[in-house]
There are 2 protein chains.
Amino acid sequence: MTKKIPLPSLKRLPKYYSIVCEYYKEGKEYIKSSEISKKLDIDETQVRKDIALLNCAGKPKVGFNINELKRYLEEFLDINNMKDSFLIGTGNLGLAIAKYNGFEKYGLNITALFDTDPHKIGLKVGEKEIFHVSKFPDLAQRMRVKIIILAVPREEAQKMADIAVKAGAKAIWNFAPANIDVPKDVLVINQDLATDFMVLWLQLHNKDLSI
Amino acid sequence: MTKKIPLPSLKRLPKYYSIVCEYYKEGKEYIKSSEISKKLDIDETQVRKDIALLNCAGKPKVGFNINELKRYLEEFLDINNMKDSFLIGTGNLGLAIAKYNGFEKYGLNITALFDTDPHKIGLKVGEKEIFHVSKFPDLAQRMRVKIIILAVPREEAQKMADIAVKAGAKAIWNFAPANIDVPKDVLVINQDLATDFMVLWLQLHNKDLSI
DNA sequence: TAGATTGTTAATCGATTAACAATC
DNA sequence: TAGATTGTTAATCGATTAACAATC
């Protein structure tokens with residue numbers, strides 16, 4: 001039985017965490033909901049409601065204790081748990097993801113890389129070795145890796161997703177511009193950059209044209 | 001006076017477009033709202049409502065004409081307009097974005113790259129040259145580029161955003177894990193990968209724990 | 001014609017915002 | 001104490017879903 005957290009709140013909490021960490025680094029002791037509100041352009045009441053979901057209490061007149069709020073957010077976001085994942089596809093985007101250094105802070109750990117290109121097998125990216133995809137099922141099962149990052153070309157996305165699911169994947173973070181079919185118990189998050197860009201473009205345009 | 005399109009609808013339309021293009025390539029003539037619905041796991045009525053926003057009419061019993069729907073979507077999404085942009089930051093992620101080939105389809109064109117690293121200035125990435133950031137204001141103004149893609153380290157994000165805004169940027173697609181401050185008339189879309197991952201993680205967890 | 005699918009109106013649901021009492 | 005800020009209840013708003021009439 002989990003308390004139900006609204007998805008919009010879920011999306012805001014990591015943003016709060018990032019601000020709280022800034023305050024923490026600056027050695028501040030308290031933060032007010034109005035400060036978070038201003039920085040993120042989110043309603044003040046909303047911020048308090050979201051924080052209330054964490055069962056973290058603030059002090060009237062002073063705000064929320066940084067250490068405490070940080071701890072509650074870390075607990076909720078499961079920050080200190082290592083989240084192991086495998087990445088399939090070592091093209092430009094795949095390599096950029098593998099080298100991205102913003103993930104550690106949240107405990108995301110990309111343990112191994114996979115590709116089908118024989119020239120790439122055995123190469124190392126930082127500490128991470130590139131394996132042939134044929135090794136995927138065995139490794140995924142042995143290491144109990146449930147999270148897959150897919151950064152392969154559109155045409156291969158479904159095939160690789162099938163392999164991942166068969167090997168026990170429970171969540172696929174899909175960077176390929178493709179809709180992949182998976183069983184209902186597997187979570188797919190599509191990170192389609194082109195679509196994201198279109199939303200930017202349409203919002204920009206709507207702005208200019210409105211009234 | 002623009003008709004107001006709900007943001008959630010806005011986000012779904014590019015997905016419909018991608019499916020419609022598949023059908024188009026396969027030479028199909030019609031698509032039913034129920035087919036789109038199933039592929040994207042979106043309510044059928046929702047799909048019809050979204051399409052209605054485009055003023056595109058379907059035929060009872062057969063569905064929507066692919067050519068027509070495709071044309072309406074392209075018009076709405078402004079697909080055939082070239083959308084010029086500049087990219088600041090040519091690290092791993094910046095280069096991956098510069099080389100990403102999924103953008104053309106939507107008319108996004110990255111015209112030039114910028115960095116501060118003297119070793120990179122003058123290099124070419126495909127057809128695109130890397131310029132020193134000091135050239136940015138002049139080029140942005142001459143070419144009337146309004147869209148900036150920011151792929152710089154966290155610490156430089158605000159500084160680069162300031163430069164971009166001063167040079168007339170109206171939209172910033174921010175890949176840096178930083179909250180940047182801009183005037184109210186500038187649109188910022190934050191593409192924080194780590195945050196996106198956390199949402200995946202939390203959803204995955206909620207699933208496992210629920211009931 | 002009969003039946004499937006669209007298009008639209010009405011009902012529901014849930015998230016956001018406003019109002020305000022509680023509290024340090 | 002007075003005043004600022006939290007915490008919570010109620011009101012609003014908007015998006016989703018359900019129901020069903022229109023139509024090919």
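None of the values given here were measured: they were computed from a predicted structure.

Conventions used here
Residues numbered from 1 in each chain as written. Chains lettered and ligands numbered in written order. Predicted model: local features only at pLDDT ≥ 70, side-chain atom pairs only at ≥ 80, totals over all residues. Heavy atoms only, no water. Near = heavy atom within 4 Å. Polar contact = N/O pair within 3.5 Å; in protein donor to acceptor, adjacent residues only side chain to side chain. Helix = DSSP H or I, 4+ residues; strand = E, 2+ residues; numbered from the N terminus. Nonpolar A, V, L, I, M, F, W, Y, C, P; charged D, E, K, R; others polar. Phe/Tyr/Trp six-rings, centres within 6.5 Å; stacked < 30°, edge-to-face > 60°. Buried < 20%, exposed > 50% of the residue type's maximum accessible area, 1.4 Å probe, protein only. Expected span 1.5 Å × (residues − 1). Arc of directions from axis to C-beta. Least-squares fit on C-alpha atoms with pLDDT ≥ 70 in both. Contact = heavy atoms within 4.5 Å. Pairing = 2+ DSSP bridges. Disulfide = S-S within 2.5 Å. Buried area = accessible area lost by both parts, 1.4 Å probe. Salt bridge = Lys/Arg side-chain N within 4 Å of Asp/Glu carboxyl O. Axes fitted to C-alpha atoms, helices over the stretch in contact; angles between N-to-C directions. Parallel < 35°, antiparallel > 145°, perpendicular 65-115°, else oblique. Left-handed = near helix turned anticlockwise from the far one by under 90°. Domains from an automatic or database assignment. Right-handed = clockwise from strand over helix to strand, strands pointing away. Core = buried A, V, L, I, M, F, W, Y, C linked by side-chain atoms within 4.5 Å.

### Quick look at the protein's contact with DNA strand D
Taken together, 21 residues lie around DNA strand D, and Lys32, Ser33, Arg48, Gly58 and Lys61 of chain A are the ones closest in. Here a phosphate oxygen of DNA strand D and a side-chain polar atom of lysine 32 of chain A are 2.8 Å apart. Side-chain polar atom of arginine 48 of chain A to a base nitrogen of DNA strand D: 2.8 Å apart, as the coordinates give it. Elements with a minimum of two residues in the surface near DNA strand D: helix H3 (44-53) of chain A together with helix H1 (7-25) and helix H3 (44-53) of chain B. Residue classes in the surface near DNA strand D are distributed as six nonpolar, six polar and nine charged.

### Re the packing of aromatic side chains
Taken as a whole and assessed by the stated rule, the structure comprises 18 aromatic pairs over all chains. Residues phenylalanine 114 of chain A and phenylalanine 136 of chain A carry aromatic rings whose centres are separated by 5.1 Å and whose planes lie at 70° to one another, so their mutual orientation is edge-to-face. Taken together, the residues span a long stretch of sequence, with phenylalanine 114 of chain A in strand S4 (residues 108-115) and phenylalanine 136 of chain A in helix H6 (residues 136-143) at a distance of 22 residues. Residue classification places phenylalanine 136 of chain A among the buried residues on the basis of a relative accessible area of 0%. Ring plane angle 40° and centroid distance 5.6 Å describe the contact between tryptophan 173 of chain A and phenylalanine 197 of chain B, whose orientation is recorded as tilted.

### What about helix H4 (residues 66-77) of chain B?
Residues and elements named next belong to chain B. The end-to-end C-alpha separation of H4 is 16 Å, in line with the 16 Å expected for 12 residues at 1.5 Å each. Within H4, the full set of buried residues consists of Ile66, Leu69, Lys70, Leu73, Glu74 and Leu77. Buried residues in H4, looked at end-on, bunch into an arc of 135°, giving them a common side. When the buried face of H4 is taken as reference, the exposed residues oriented beyond 90 degrees from it are Arg71 and Glu75. One or two steps after H4, the chain reaches aspartate 78, where phi turns positive at roughly 65°.

### A word on the relation of the copies chain B and chain A
Mapping chain B onto chain A calls for a screw motion: a turn of 180° about the axis and a shift of 0.0 Å along it, with 0.0 Å RMSD after fitting. Overall, the copies show the geometry of a two-fold rotation axis. The rotation axis passes nearest to the C-alpha of alanine 96 of chain B in chain B, at a distance of 3.2 Å. With an isologous cut-off of 70% or more, the 100% of interface residues of chain B that recur at the interface of chain A puts this contact in the isologous class.

### A word on the sheet that holds strand S6 (residues 128-132) of chain A
Residues and elements named next belong to chain A. The strand order across the open sheet formed by seven strands is S5-S6-S4-S3-S7-S8-S9, and the pairing between neighbours is mixed. A single partner strand is all that each edge strand has here, and the edge strands are strand S5 (124-125) and strand S9 (187-190). Relative to S4, strand S3 (residues 83-88) runs parallel, the two being bridged by six bridges. Residue pairing for S4: lysine 83 is matched across the bridge by leucine 108.

### Notes on the state of the cysteines
Residues and elements named next belong to chain A. Using the criterion set out here, one finds zero disulfides over all chains in the structure. The thiol sulfur of cysteine 21 is not disulfide-bonded, and the nearest other cysteine sulfur, from cysteine 56, lies at 14 Å. Overall, the relative accessible area of 9% leaves cysteine 21 in the buried class.

### Regarding the interface of chain B and chain A
The interface is formed by 57 residues belonging to chain B together with 57 residues belonging to chain A. Summed over both partners, the interface of chain B with chain A buries about 5,600 Å², with 68% contributed by carbon and sulfur atoms. Viewed at the interface, chain A and chain B are joined by two salt bridges. As a salt-bridge pair, arginine 154 of chain A and glutamate 22 of chain B come within 3.4 Å of each other at their nearest N and O atoms. Counting the contacts that link chain B with chain A gives six residue pairs in polar contact (both at pLDDT 80 or more). For the side of chain B that touches chain A, the element with the highest residue contribution is helix H8 (residues 193-209) of chain B, accounting for 16 residues. Looking at the side of chain B that touches chain A residue by residue, the classes come out as 34 nonpolar, 11 polar and 12 charged.

### A closer look at the protein's contact with DNA strand C
In the vicinity of DNA strand C there are 20 residues, among which Lys32, Ser33, Arg48, Gly58 and Lys61 of chain B approach most closely. If you look at DNA strand C and keep only atoms within 4 Å of the protein, 57% of those are sugar or phosphate atoms. Between a base oxygen of DNA strand C and a side-chain N or O atom of lysine 49 of chain A, the distance comes to 3.2 Å. Within the side chain of arginine 48 of chain B, one N or O atom sits 2.8 Å away from a base nitrogen of DNA strand C. Per-class residue counts for the surface near DNA strand C are six nonpolar, six polar and eight charged.

### Overview of the packing of H1 of chain B against H4 of chain B
All names here are of chain B. In contact at an axis separation of 10 Å, H1 and H4 are set at 140° when each is read in the N-to-C sense. The pairing of H1 with H4 is recorded here as oblique in orientation. You can see that H1 and H4 cross each other, and the crossing is left-handed. Contacts from Leu10, Leu13, Pro14, Tyr16, Tyr17, Val20, Cys21, Tyr23 and Tyr24 in H1 reach Ile66, Asn67, Leu69, Lys70, Leu73, Glu74, Phe76 and Leu77 in H4.

### Considering the domain arrangement of chain A
Domain boundaries assigned for chain A yield domain 1 (7-77) and domain 2 (83-195). For domain 1 of chain A and domain 2 of chain A, the distance between their C-alpha centres works out to 32 Å.

### Let's talk about the pairing of strand S4 (residues 108-115) of chain B
Across the eight residues that make up S4 of chain B, a large majority, six, are buried. Taking the sense of rotation as the criterion, the β-α-β connection linking strand S3 (residues 83-88) of chain B, helix H5 (residues 92-99) of chain B and S4 of chain B turns out right-handed.

### Section: the nonpolar core
Counting residues in hydrophobic clusters, the biggest one holds 104 residues, and the most contacted among them are Trp173 of chain A together with Trp173 of chain B. Not counting residues up to four positions away in its chain, the partners in contact with tryptophan 173 of chain B are Leu193, Asp196, Phe197 and Leu200 of chain A together with Phe103, Leu108, Ile148, Ile149, Leu150, Ile189 and Gln191 of chain B.

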